[in-house]
Amino acid sequence: MTTDSTVGKRRDPGPTPDPAPRRRTKLLGRQPLGLAFSAPYVIFILAVLAYPLGYAVYISFHDFFFTAPGVAVERPFVGLQNYIQVLSDPDVGRSFLNIGVFLIINVPLTVALSLILANALNRVTRLRTFFRVSYYVPYVTASVAVVGVWLFLFSQNGLINSLLGSLAPDPSWLVNSTLAMPTVALYVTWKQLGFFILLYLAALQNIPEELYESASVDGAGKIRQFFSITVPGVRSASVLVTLLATITGANLFTEPYLLTGGGGPDGASTSPVFLMYQEGILQGNPDTAAALGVILVLGVLVIALIQRRLVGGKED
Amino acid sequence: MRRTTTKRTLALTATALMGLGLAACGGSGDTGTPDAGELTSGPITIWYSNNQQEVAWGEDMVAAWNEANPDQEITAQEIPAGTSSEEVIAAAITAGNAPCIVMNTAPVAVPQFQQMGGLVPLDTFEDGAEYIESRSGEVAEQYKSADGQYYQLPWKSNPVVLYYNKDMFTEAGLDPENPPLGTQDELLETSRTLVESGAAEYAMWPSPAGEFFQSWFDFYPFYAAATGGTQLVEEGEATFNSEEGTAVAEMWRTMYEEGLSSQEAYTGDSFVDKKAAIAISGPWAIPVYGDKVNWGTAPVPGLEEGAETSTFSDAKNMAIYSACDNKQTAWEVMKFATSEDQDRALLEATGQMPIRQDLTGSYPDYFEANPAYVEFADQASRAVEVPNVPNSVEVWQTFRDAWGSSVIFGNESIDDAFSGAAEEINTLVSE
């Protein structure tokens, strides 16, 4: 019997590979076609988000205002002057405080309510579509239309105060410096709940039913099952919901604009984005508006990082 | 680990990108010099208001011009929808696609548009200043920019007066034909009577919202009346931190404190819905109120009885925008649209007051047939405009913030709020 042994022999290195394809692979990856598929979205992101973001950072370091094409104006580099101006403005400090109050109420409430309601909806067998649509309708309805309903509910002579009678707050909800922002936070929570319920519903489908059955056999009740199976099972959705609720909340604009008459009462519901609108669009100061925007982005990033650490858990 | 880091980087980048939507609104980085351009003639585009009556007038005016000038045709459209006309116009200036003429240019926005290089100085035209001054008389001075040039043609005003509900006055035991609204003190007493008698839920219900322009319909008319026509800023100095300014503020503070006015915004028209007994509006409101309310009008009262009072003009003007190719035609169209005949047509169609000298003398038959408008014509000659100063919008926002804090919500004393705002405004107008 003869055997071909390679032991002790050097392998034939074969023909030397052409370095060109290797370079191409290194540059374009193993699936160059993937680049072609993702190109439209990448271009979209670059044009619609990345370029404006970069331009905003540029504006924030210059003495900048909008002009007609062909108008020659000096836009000198001013370093951190716009940032100093923004940070020394008490209205800006107050708007960040307001948005802090908003996030403290809105984000946990959004996560808790949407998870509980999604869990309940997941178990409902009758009228399931009706309930799902009911929760989703506020989300898809224009704020302008929905705000009218809330004004009817929360105004001085509105339904809520009528029900509360002598317990109604004075001044009323939307003109009360303490209650205006919490009312806005409640409104936004209610309005966006449908979207977040949908995210949780999708996540709930990934939890195997067997886990609940085993837990039940082991004697775990519904509440124990919820905290020991459902909550950990939708952790990735919770991270997403927390992040999205924080980002949309930090960018709050429409609600204080419409519900509290432009950030009222006396600035108690002003948000940073509302101030950016005032400064940049109404008053023609895009430089300070951009500086405020950059600060807001950095703030949101820090909060998002902290949240990811706290909520993300073992996912990291 | 590396994958996690990449994922996190991507997530954070996406977060950053999503968060900066508003901070970056394009702009022009072009260079070159502002060019008044050659004064050529040819087709032009114009925007006019989307107010129904003004659209009807505009269509007729354009048809008349186009028939007589087929080689310089006007293409007209209503101003595109936006949060406000000023935002739409500013965006169009930046993009370089503003029309030749915008027929409802707000005086408060003119300094900003001018700074953007978006407006053509009308003094560029041979008869520019002369035409404006001969048509509008002394009032024209208020529309001159800081550089001494006209960037707007004063077109029409809506001098605001008090509209009152005669039925509510009767119910409260007040004489509806001679309403006790002669002074600001009298107005306060009348307001108390109206509310305490139960005839009205509120005496007056101006918007308490924080938008910069809201002070034109609560503080400013009363301040103009109290001072005989002083602007908010004169000769580079804020004027409102004065005895008269404080008196007006204290009157309104009392209105809010005693529940005679509401701190909450009303979503409809509180006067039409009979929630408030008195409204502050211009002549445009006559067709709106029509027969829905049994109304009468009275001038905005000053501090003293019998004085000939001033009020806020609420004017809208015409301006030529620098993107225009045929500026000479634009100027000729502006003159045509503000001619005696077209002013009559505007008056008849809209009830708004052309900013023209001797208005009642120019159209005696109209005012004889429409006596309700005489009050407005009388006020128009003494109407006060917003000051034409740098950072105009910011100036008004600063004032509004101080007003909201001290007068509407009483979180700060009027003296502190007014002196702080005056100081800030003095800095803004000197920039």
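Conventions and cut-offs
Residues numbered from 1 in each chain as written. Chains lettered and ligands numbered in written order. Predicted model: local features only at pLDDT ≥ 70, side-chain atom pairs only at ≥ 80, totals over all residues. Helix = DSSP H or I, 4+ residues; strand = E, 2+ residues; numbered from the N terminus. Rg over C-alpha atoms; globule rule 2.2 N^0.38 Å. Buried ≥ 20, exposed ≤ 12 C-beta atoms within 10 Å, placed from the backbone. Contact = placed C-beta atoms within 7 Å. Pairing = 2+ DSSP bridges. Axes fitted to C-alpha atoms, helices over the stretch in contact; angles between N-to-C directions. Core = buried A, V, L, I, M, F, W, Y, C linked by C-beta atoms within 7 Å. Expected span 1.5 Å × (residues − 1). Bend = angle between axes of the 7 residues up to and from the residue. pLDDT = per-residue confidence, 0-100. Left-handed = near helix turned anticlockwise from the far one by under 90°. Nonpolar A, V, L, I, M, F, W, Y, C, P; charged D, E, K, R; others polar.

**Notes on the overall build of chain A**
Counting its secondary structure elements, chain A contains 14 helices and zero strands. What you see in chain A, going N to C, is helices and strands ordered as α-α-α-α-α-α-α-α-α-α-α-α-α-α. In terms of overall size, chain A is more extended than a compact globule, its C-alpha atoms giving a radius of gyration of 27 Å where 316 residues would be expected to give roughly 20 Å. Viewed in the frame of its principal axes, chain A has a C-alpha envelope of about 105 × 75 × 30 Å. In chain A, buried positions account for 34% of the 316 residues. Residue pairs at least 24 apart in sequence account for 71% of intrachain contacts in chain A once pairs closer than 6 positions are excluded.

**A word on the overall build of chain B**
When helices and strands are tallied, chain B shows 17 helices and 14 strands. The C-alpha atoms of chain B give a radius of gyration of 24 Å, which matches the 22 Å a tight globule of 431 residues would have. Within the span of chain B, comprising 431 residues, buried residues form 52% of the whole. For chain B, restricting intrachain contacts to residue pairs at least 6 apart in sequence, the fraction spanning at least 24 positions comes to 75%.

**Considerations on the sheet that holds strand β10 (residues 295-298) of chain B**
Residue and element names in this part refer to chain B. On the basis of which strands lie adjacent, the open sheet formed by four strands has the order β6-β9-β5-β10 and mixed pairing. Each having just a single partner strand, β6 (202-204) and β10 make up the two edges of the open sheet. The average undirected angle you get between the axes of adjacent strands in this sheet is 25°. As judged from the four bridges shared by strand β5 (residues 161-165) and β10, these two strands associate in the antiparallel manner. Counterpart to N165 in the pairing with β10 is W295. Helix α7 (residues 184-196) rests against β6 and β9 (276-281) of the sheet, and its axis sits at about 150° to β6.

**Quick look at the nonpolar core**
A general feature of soluble globular proteins is that nonpolar side chains tend to end up buried together. Counting 176 residues, the largest nonpolar core has I101, A203, A276, A277, I320 and Y321 of chain B as its most contacted members. At ten residues, helix α14 (residues 286-312) of chain A tops the list of elements feeding residues into this core. In contact with A276 of chain B, not counting residues within four places along its chain, are A200, Y202, A203, M204, W205, S270 and F271 of chain B. Counting residues in each nonpolar core, the second largest holds 13 residues, with L115, A118, I197 and V241 of chain A among its members.

**A short note on helix α4 (residues 90-123) of chain A**
Residues and elements named next belong to chain A. Taking 1.5 Å as the rise per residue, α4 with 34 residues should run 50 Å; its terminal C-alpha atoms sit 49 Å apart, in good agreement. Taking the largest bend as the criterion, α4 deviates by roughly 25°, centred on L103. Among the residues of α4, those classed as buried are V92, S95, N98, I99, F102, N106, V107, T110, S114, L115 and A118.

**A word on the sheet that holds strand β13 (residues 353-354) of chain B**
The pairing of strands in a sheet happens through backbone hydrogen bonds and is either parallel or antiparallel. Residues and elements named next belong to chain B. The strand order across the open sheet built from six strands is β2-β1-β3-β12-β4-β13, with neighbouring strands paired in mixed fashion. Looking along the sheet, the strands with just one partner apiece sit at the ends: β2 (74-78) and β13. In this sheet, strand β12 (residues 316-320) lies alongside strand β3 (residues 101-105) in antiparallel orientation, the contact comprising three bridges. Residue pairing for β12: V102 is matched across the bridge by A319.

**Brief notes about the environment of Q231 of chain B**
Residue and element names in this part refer to chain B. With respect to the helices and strands, the residue Q231 is situated in the loop between α8 (219-227) and β7 (233-234). What makes Q231 buried here is the crowd of 20 C-beta atoms within 10 Å. In this structure, the C-alpha to C-alpha distance between Q231 and F399, residues 168 residues apart in sequence, is 13 Å. Each residue touching Q231, except ones within four places of it in the same chain, is listed here: T239, V384 and P387.

**What to know about helix α13 (residues 272-282) of chain A**
All names here are of chain A. Burial analysis of α13 places eleven of its eleven residues in the buried class, which makes it a mostly covered element. Buried within α13 are the following residues: P272, V273, F274, L275, M276, Y277, Q278, E279, G280, I281 and L282. Two residues or fewer past α13, G284 is found with a positive phi of approximately 70°.

**Brief notes about the environment of F169 of chain B**
All names here are of chain B. Here F169 shows up in helix α6 (residues 166-171). In this structure F169 comes out as buried when scored by C-beta crowding, with 25 C-beta atoms within 10 Å. The spatial distance from the C-alpha of F169 to the C-alpha of W295 is 10.0 Å, given a sequence separation of 126 residues. With near-sequence residues (within four places) excluded, F169 lies in contact with Y164, L174, P176, P179 and A277.

**Overview of the pairing of β9 of chain B**
Residues and elements named next belong to chain B. In terms of burial, β9 is largely enclosed, as six of its six residues are buried. Here β5 runs beside β9; their pairing, made up of four bridges, is antiparallel. Note that in β9 the partner of Y164 across the bridge is I278. Where β6 meets β9, two bridges bridge the pair, whose relative direction is parallel.

**Concerning the confidence of the model for chain B**
A low pLDDT means the predicted coordinates there should not be read in detail. In this model, chain B carries a mean pLDDT of 90, and residues with pLDDT of at least 70 account for 91%. Between residues 1-34 of chain B, whose pLDDT stays under 50, and residues either more than four places distant or in other chains, the model counts 62 contacts.

**Observations regarding the packing of α4 of chain A against helix α8 (residues 180-204) of chain A**
At a minimum axis separation of 7 Å, α4 of chain A and α8 of chain A run at an interaxial angle of 40°. Crossing angle aside, the handedness with which α4 of chain A passes α8 of chain A is right-handed.

**Description of the environment of P364 of chain B**
Among the structural elements, P364 of chain B can be located in helix α14 (residues 364-369). Overall, the presence of 10 C-beta atoms within 10 Å leaves P364 of chain B in the exposed class.

**Observations regarding the confidence of the model for chain A**
All names here are of chain A. Confidence in the prediction for chain A averages 88 pLDDT; 92% of positions are at 70 or higher. Confidence, expressed as mean pLDDT per element, reaches its minimum in chain A at helix α1 (residues 19-28) with 72 and its maximum at helix α3 (residues 81-87) with 96. Of the regions scoring below 50 in pLDDT, residues 1-9 engages in one contact with residues more than four places distant in sequence or in other chains.

**Side note on the packing of helix α9 (residues 209-217) of chain A against helix α10 (residues 222-233) of chain A**
Residues and elements named next belong to chain A. The N-to-C vectors of α9 and α10 enclose an angle of 145°; their axes lie 10 Å apart at closest approach. In this structure, α9 crosses over α10, and the sense of that crossing is right-handed. Seen from α9, the contacting residues are L211, Y212 and A215; seen from α10, they are Q225, S228 and I229. Here the residues of the contact of α9 with α10 sort into four nonpolar, two polar and no charged.

**Thoughts on unusual backbone geometry**
Cis geometry is adopted by the peptide bond preceding P171 of chain A, which originates at D170 of chain A and carries an omega value of 0°. With respect to the helices and strands, the residue P171 of chain A is situated in the loop between α7 (159-164) and α8. Omega for the peptide link from G264 of chain A to P265 of chain A comes to -5°, which places this bond in the cis form. Within the element layout of this structure, P265 of chain A appears in the loop between α12 (254-258) and α13. Non-glycine residue D314 of chain B carries a positive phi angle of around 50°. One can find D314 of chain B in the loop between β11 (311-312) and β12. Of note, D358 of chain B is a non-glycine position whose phi angle comes to about 45°, a positive value. Looking at the element boundaries, D358 of chain B is found in the loop between β13 and α13 (359-362). Residue D358 of chain B is classed as exposed on the basis of its C-beta count, with 10 C-beta atoms lying within 10 Å.

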